[in-house]
Amino acid sequence: MLSESVKDCIRALIYLALNQNREYVSVKEISESLNLPFFFLAKNVQKLVKEGILESYRGPKGGISFKKPINEIKIMDIIIAIDGDNFFKKCVLGFEECSDLNPCAIHHKWVPEREHLKEIFNATLYEIVNDIKLGKIKNIKL
């Protein structure tokens, strides 16, 4: 359902949020710590910078940090920054003309599920990180 790029970015931003005690965290550190491909992560970080979610700083102590507070960053924002919003707007079967008035074969089943996913992905990065810190999520794997 979510692309590998989106999953990697969500994991990376959770890692970054859990390591906010430093001004900047390098993309290389994140990629090595999470065993993510560096060049793909770096490319996607650029998208997150462009969308105003992250800021980057070059140099020996450079890296990335959040441009906005994590309580303002929704998982939906990350998904849209990386893959766009087609998943939440387009037909699940790929039909251009699919709508409530001209539905595909599974439109009536997909629309409520899509709305439910929107609710789930409206969780903020802060909520997720706070749940981790409070121990509500145990044995977390990033």
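The structure we're discussing is the one just above.
Residues numbered from 1 in each chain as written. Predicted model: local features only at pLDDT ≥ 70, side-chain atom pairs only at ≥ 80, totals over all residues. Heavy atoms only, no water.

1. Side note on the pairing of strand 1 (residues 54-57)
Next, step 1: Of the strand pairs in this sheet, strand 1 and strand 2 (residues 63-66) are connected by 4 bridges, and their pairing is antiparallel. Residue pairing across strands places tyrosine 57 opposite glycine 63, the latter belonging to strand 2.
Next, step 2: Two successive antiparallel strands, strand 1 and strand 2, enclose a turn made up of 5 residues, where glycine 59 displays a positive phi of approximately 120 degrees. (Pairing = 2+ DSSP bridges. Helix = DSSP H or I, 4+ residues; strand = E, 2+ residues; numbered from the N terminus.)

2. Observations concerning the packing of helix 3 (residues 38-50) against helix 4 (residues 75-83)
Next, step 1: Look at helix 3 against helix 4: their axes get within 9 Å of each other, and the N-to-C directions meet at 115 degrees. Between helix 3 and helix 4, the crossing angle belongs to the class labelled roughly perpendicular. Two packed elements cross with a definite hand, and for helix 3 against helix 4 that hand is right-handed. Taken together, the residues of helix 4 that come into contact with helix 3 (itself represented by Asn44, Lys47 and Leu48) are Ile78, Ala81 and Ile82.
Next, step 2: A per-class count over the contact of helix 3 with helix 4 returns 4 nonpolar, 1 polar and 1 charged. (Axes fitted to C-alpha atoms, helices over the stretch in contact; angles between N-to-C directions. Parallel < 35°, antiparallel > 145°, perpendicular 65-115°, else oblique. Left-handed = near helix turned anticlockwise from the far one by under 90°. Contact = heavy atoms within 4.5 Å. Nonpolar A, V, L, I, M, F, W, Y, C, P; charged D, E, K, R; others polar.)

3. What about the packing of helix 1 (residues 4-18) against helix 2 (residues 27-34)?
Next, step 1: Two elements in contact, helix 1 and helix 2, have axes whose closest approach is 10 Å; the angle formed by their N-to-C orientations is 110 degrees. It follows from the interaxial angle that helix 1 and helix 2 lie roughly perpendicular. Of the two possible hands of crossing, helix 1 and helix 2 adopt the one that is right-handed. Counted together, Arg11, Ala12 and Tyr15 of helix 1 and Glu29, Ile30, Ser33 and Leu34 of helix 2 form the full contact between these two elements.

4. Notes on the packing of aromatic side chains
Next, step 1: Within this structure, the stated rule accounts for 5 aromatic pairs.
Next, step 2: For the ring pair tyrosine 24 and tyrosine 57, a centre distance of 5.3 Å and an interplane angle of 25 degrees mean the geometry is stacked. Here tyrosine 24, found in the loop between helix 1 and helix 2, pairs with tyrosine 57, found in strand 1; they are 33 residues apart in sequence, far enough to count as distant.
Next, step 3: Among the residues examined, tyrosine 57 registers a relative accessible area of 48% and is labelled partly exposed.
Next, step 4: With 5.1 Å between their ring centres and 75 degrees between their planes, phenylalanine 38 and phenylalanine 39 make a pair best called edge-to-face.
Next, step 5: Ring-pair connections join several aromatic residues into one group, and the members of that group are Phe87, Phe88, Trp110 and Phe121. (Phe/Tyr/Trp six-rings, centres within 6.5 Å; stacked < 30°, edge-to-face > 60°. Buried < 20%, exposed > 50% of the residue type's maximum accessible area, 1.4 Å probe, protein only.)

These results come straight from atomic positions and should not be treated as a statement about function.
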